[in-house]
Amino acid sequence: MLKKVYIGLFIVIAGIFLFYMWAMIGFGGGRSMEGEIHYIPNGFTGYINIVFDQKDGLKKEYLRGKRLYRIPKSGDIEDTIFRKYRLDKGSLQ
């Protein structure tokens, strides 16, 4: 009797684990955005704004396999890349 309880418990836990793995892979948990490099002018102070999915944005530029952004003194960049996932605010330390 106790053996059947352990087998049932194992099946439930394995099912939960498999469902979790399926959900992570199927709904984007296994996907990641490409890496980014930001060149910021010396002495720059203020905010940096990168606006994605713009028709007349920057051409794609890569360095060591990562997306390169050369931040102008204004701090504002428009990019042609569409981002499904967004980070509204970030910080650089």
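These lines cover the structure that appears in this document, whether it is placed above or below. A quick note: this is a predicted structure, and the numbers were derived from the prediction, not measured.

### Some remarks on the overall build of the chain
So, point 1. Scanning the chain for helices and strands turns up 1 helix and 5 strands.
So, point 2. The order of helices and strands in the chain, counted from the N terminus, is α-β-β-β-β-β.
So, point 3. Looking at the chain as a whole, 13% of its 93 residues are labelled buried.
So, point 4. Of the contacts formed within the chain by residues at least 6 apart in sequence, a portion of 66% connects residues at least 24 apart.

### Examining the side chain of Asp79
So, point 1. Residue placement: Asp79 occurs in the segment after strand 5 (76-78).
So, point 2. Taking relative accessible area as the criterion, Asp79 reaches 0% and is therefore assigned buried.
So, point 3. Polar side-chain contacts of Asp79 include one of 2.5 Å to the side chain of Tyr69.
So, point 4. In this structure Asp79 touches Val51, Phe52, Asp53, Gln54, Gly57, Leu58, Arg67 and Tyr69, once residues within four positions along its chain are discounted.

### Description of the packing of aromatic side chains
So, point 1. Enumeration according to the criterion identifies 0 aromatic pairs in this entry.
So, point 2. If you follow Arg67 out to its NZ or CZ, it ends over the ring of Tyr69, 4.6 Å from the centre.

### A short note on the side chain of Arg67
So, point 1. Secondary-structure assignment places Arg67 in strand 4 (residues 66-70).
So, point 2. Overall, the relative accessible area of 0% leaves Arg67 in the buried class.
So, point 3. From its side chain, Arg67 meets the backbone oxygen of Glu61 in a polar contact 3.3 Å long.

### Focus on the sheet that holds strand 1 (residues 36-39)
So, point 1. Within the open sheet, the 3 strands sit side by side as 1-4-3. Their pairing is mixed. Each edge of the open sheet carries a strand with a single partner, namely strand 1 and strand 3 (62-63).

### With respect to the environment of Leu58
So, point 1. By the element assignment, Leu58 lies in the loop between strand 2 (49-51) and strand 3.
So, point 2. With 20 residues separating them along the chain, Leu58 and Glu78 place their C-alpha atoms 6.2 Å apart.
So, point 3. When residues no more than four places from it in sequence are discounted, the contact partners of Leu58 are Arg67, Tyr69, Ile77, Glu78, Asp79 and Thr80.

### Digging into unusual backbone geometry
So, point 1. Not every positive phi belongs to a glycine, and Arg64 is a case in point at roughly 55 degrees.
So, point 2. Checked against the element boundaries, Arg64 lands in the loop between strand 3 and strand 4.
So, point 3. Exposure remark for Arg64: the relative accessible area of 70% places this residue in the exposed category.

Parameters at a glance
- Residues numbered from 1 in each chain as written.
- Predicted model: local features only at pLDDT ≥ 70, side-chain atom pairs only at ≥ 80, totals over all residues.
- Heavy atoms only, no water.
- Helix = DSSP H or I, 4+ residues; strand = E, 2+ residues; numbered from the N terminus.
- Buried < 20%, exposed > 50% of the residue type's maximum accessible area, 1.4 Å probe, protein only.
- Contact = heavy atoms within 4.5 Å.
- Polar contact = N/O pair within 3.5 Å; in protein donor to acceptor, adjacent residues only side chain to side chain.
- Phe/Tyr/Trp six-rings, centres within 6.5 Å; stacked < 30°, edge-to-face > 60°.
- Lys NZ or Arg CZ within 6 Å of the ring centre and 35° of its normal.
- Pairing = 2+ DSSP bridges.

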